[in-house]
There are 2 protein chains.
Amino acid sequence: MAGNNKTPTMLDVARLANVSSMTVSRAFKRDASVGKETRERILKAADELGYVLDSTAANLSSRKTGFVAVTIPSINNANFADTLRGMSQRLRGSGLEILLGYTDYSVDEEERLIEQFLRRRPEAIVVTGGTHTDRCRKLLEHSGVPVVETWDLPAKPIGHVVGFSNAEAAKLMVDHFVERGYTRLGFIGGDTSRDTRGLDRRRGFLEAVKARGLDSSRLIASGPPPITMREGAASMREMIARWPDTQAVMCVSDLSAFGALTECQRKGIRVPEDIAIGGFGAYDLAEHAVPAITTIDASAKAIGTHAADTVLSLLSNPESTDVRMVTRITPKIIARQTT
Amino acid sequence: MAGNNKTPTMLDVARLANVSSMTVSRAFKRDASVGKETRERILKAADELGYVLDSTAANLSSRKTGFVAVTIPSINNANFADTLRGMSQRLRGSGLEILLGYTDYSVDEEERLIEQFLRRRPEAIVVTGGTHTDRCRKLLEHSGVPVVETWDLPAKPIGHVVGFSNAEAAKLMVDHFVERGYTRLGFIGGDTSRDTRGLDRRRGFLEAVKARGLDSSRLIASGPPPITMREGAASMREMIARWPDTQAVMCVSDLSAFGALTECQRKGIRVPEDIAIGGFGAYDLAEHAVPAITTIDASAKAIGTHAADTVLSLLSNPESTDVRMVTRITPKIIARQTT
DNA sequence: TTGAAAGCGGTACCAT
DNA sequence: ATGGTACCGCTTTCAA
């Protein structure tokens, strides 16, 4: 309480407990060999002094930080939040902590972030997507720690991968539309290079539509991400204005699909009788909306747990250089009332 | 490329650039006094070696980590995500980084998290809410760094505060209901000690209802957080079953309000003609739902920017011990179609 | 503007 | 089971 304005160190604890600082260090680990009485005496002394271990020093000395650097495009996105939850759940108790950053869907921002993070000496790096600036790629390749790319299947992966083909996933929706008897199909969003996964979905949609010989011109741009309900509504308005006979619309995400749905509701257009709507991402929202929205589930949370497993496995196998782990997720369509 | 399997240090860069490591250190800061030519030579050498500064060592030596520890109850919550966005935007460029953890609405988990974080020697700590375990309070009080509590106005704040009264906020909704002519009012959620802010909202609702002499028994428990659309729907079902003549229902959050709304839609109950619904949090969802949901805006993002400003101000004024900064937000009602 | 030396607070490693 | 000692890679401080 009085006078002592300096943070106590191990040495202070050691002196009070009548041991060497090495013994204090050991007492603060779980498996270390310290006499039961000694340990208790040490912990009591530490408590008395209000001692808090300084990882900052431990990190330097042991060359381990316990950090896994993770970048996601946006915090405010239920899909990435789910991935993150999956990761932290799996990482809990492993001694690994997440150092989180978000890129705002910008590869330049990602580069800045990664550069910053590398200084913190993370033990592994998990990024979203497989598109990066050249410099960022180089930084990651030379980082010396496992790199996991998620939410995509990069053609030239940097290291490890937990993802799926966004193009293939989109095709599922086209198949579903066609099964339902819809042939005049449109796509909303996925028009900007900032959202490469959205781009891939649109590409997959187009390929599938063309493969069937259907009209492939019904595309509405939604502008730069994040694509939210507002853009979905505006895009649907445009879709209906330009191609009034469109029978089914796939949206780049459930958020945008919900926006499209509400636009129809405001206009008295019946879904799916007048127009069908499909989304992407299996958000809670899609399940609870009335009518419930048909969507594609890419197992956002599982991506996180698998990414964490990848990291854990790599870190516990020091000989695992030259190993490449690729976990491929298979997206599934969830058919609901909007189609 | 070959042989050199060790991460280069400043000394390596120094040798290659023919300077001392001190000069290299200076070259990596922006304002330091280093000759322009020298700096360029150093940066070139660093680039050549693929040198990345080791903050882990810098942190120890300078006793500064650049971390602001932040805890939020849940990642997957648009309100807290907004607060976080506000913080990171304000912190960008300040050299401060966020070390994020989420408590899952548990004070015990919060304690664990804070204890872990303190080892990393953050320069400031921002927590959500004013309820903590005794030990956690003590840890925060003795941390030696600024502590900011958010999203609440704690009776006995630990340090600084950026928040609002959740009880007062809830009263706004009661006022609004009464203005609209509704007198048989119900409340959904806010029934568990894990969500103290929800508890406060319910308390505020009850106080306001009682102050007006209205029936204060129409309360539905939604169980432990996170409260989502599903709980909102189930609770609305229960509300209608138990008190069919209820005229207006306030929900602990917009998510739960949306769930309640969809439940009515599925049952063919008209909103607001048959029953009115109010939410909390000003989520995008409330704005875009059809009908749009009346809600209370507590300026989630502004809480973040103010918290960041508080931290920045405190850290740039070393004499600011004994100062307590309290930023009080005034929530506002947003009247829409569900009332 | 630049350099030399002394830590920062732990842990690895080797003894005992 | 415990202790001694040499660092980990940077920054602080003082000098030139």
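Residues numbered from 1 in each chain as written. Chains lettered and ligands numbered in written order. Predicted model: local features only at pLDDT ≥ 70, side-chain atom pairs only at ≥ 80, totals over all residues. Heavy atoms only, no water.

Quick word on the packing of helix H6 (residues 107–119) of chain A against helix H7 (residues 134–141) of chain A
Geometry of a packed helix pair, given as the angle between the helix axes and the separation of the axes. Residues and elements named next belong to chain A. Across the interface, H6 lies against H7 with an axial gap of 9 Å and an inter-helix angle of 25°. Judged on the interaxial angle alone, H7 and H6 are roughly parallel. Judged by the sense of rotation from one axis to the other, the crossing of H6 with H7 is left-handed. Between H6 and H7, the residues in contact are Glu 110, Glu 111, Ile 114, Glu 115 and Leu 118 and Arg 135, Cys 136, Leu 139 and Leu 140, respectively. Class assignment for the residues of the contact of H6 with H7 results in five nonpolar, no polar and four charged. (Axes fitted to C-alpha atoms, helices over the stretch in contact; angles between N-to-C directions. Helix = DSSP H or I, 4+ residues; strand = E, 2+ residues; numbered from the N terminus. Parallel < 35°, antiparallel > 145°, perpendicular 65-115°, else oblique. Left-handed = near helix turned anticlockwise from the far one by under 90°. Contact = heavy atoms within 4.5 Å. Nonpolar A, V, L, I, M, F, W, Y, C, P; charged D, E, K, R; others polar.)

Description of the protein's contact with DNA strand D
Neighbouring DNA strand D are 24 residues; A:Thr23, A:Arg26, A:Gly35, B:Ser25 and B:Ser61 lie closest to it. The contact atoms of DNA strand D, taken as those within 4 Å of the protein, divide so that sugar and phosphate hold 62%. Within the backbone of B:Met10, a nitrogen or oxygen atom sits 2.8 Å from a phosphate oxygen of DNA strand D. Between DNA strand D and the protein, one listed contact pairs a phosphate oxygen with a side-chain N or O atom of B:Lys29 at 3.1 Å. Elements with a minimum of two residues in the surface near DNA strand D: helix H2 (21–27) and helix H4 (55–62) of chain A together with helix H2 (21–27) and helix H4 (55–62) of chain B. (Near = heavy atom within 4 Å. Polar contact = N/O pair within 3.5 Å; in protein donor to acceptor, adjacent residues only side chain to side chain.)

With respect to the protein's contact with DNA strand C
In the region of DNA strand C, 24 residues are neighbours, and A:Ser25, A:Ser61, B:Thr23, B:Arg26 and B:Gly35 sit closest. Near the protein, within 4 Å, the atoms of DNA strand C are sugar or phosphate in 63% of cases. Between DNA strand C and the protein, one listed contact pairs a sugar or linking oxygen with a side-chain N or O atom of A:Ser61 at 2.6 Å. B:Ser61 has a polar side-chain atom sitting 3.1 Å from a base nitrogen of DNA strand C. Of all the elements in the fold, those that place two or more residues in the surface near DNA strand C are H2 and H4 of chain A together with H2 and H4 of chain B. If you tally residues by element for the surface near DNA strand C, the top one is H4(A), at four residues.

As for the interface of chain B and chain A
With 48 residues of chain B at the contact, the number on the chain A side is 49 residues. Summed over both partners, the interface of chain B with chain A comes to about 4600 Å²; 54% of that surface belongs to carbon and sulfur atoms. Its largest share of buried area at the contact with chain A, chain B owes to B:Arg119, B:Arg120 and B:His288, together 16% of the area lost on that side. Taking the shortest distance from any N to any O, the salt bridge between A:Asp54 and B:Arg121 comes out at 3.8 Å. Linking chain B with chain A are 18 residue pairs in polar contact (both at pLDDT 80 or more). Counting residues per element, the ones that place at least two in the side of chain B that touches chain A are H4, helix H5 (78–91), strand S2 (97–102), helix H6 (107–119), helix H10 (229–242), helix H11 (254–267) and helix H12 (284–288) of chain B. Take the side of chain B that touches chain A: its biggest share by element is six residues, from H5(B). In terms of residue class, the side of chain B that touches chain A is built from 22 nonpolar, 13 polar and 13 charged. (Buried area = accessible area lost by both parts, 1.4 Å probe. Salt bridge = Lys/Arg side-chain N within 4 Å of Asp/Glu carboxyl O.)

Digging into H4(B)
Along H4(B), the residues classified as buried are B:Ser55, B:Thr56 and B:Asn59. Taken down its axis, H4(B) places every buried residue within 105° of arc, on the same side. The inward-facing, buried residues of H4(B) contact H4 and H6 of chain A. B:Arg63 sits one or two positions beyond H4(B) and adopts a positive phi of about 55°. (Buried < 20%, exposed > 50% of the residue type's maximum accessible area, 1.4 Å probe, protein only. Arc of directions from axis to C-beta.)

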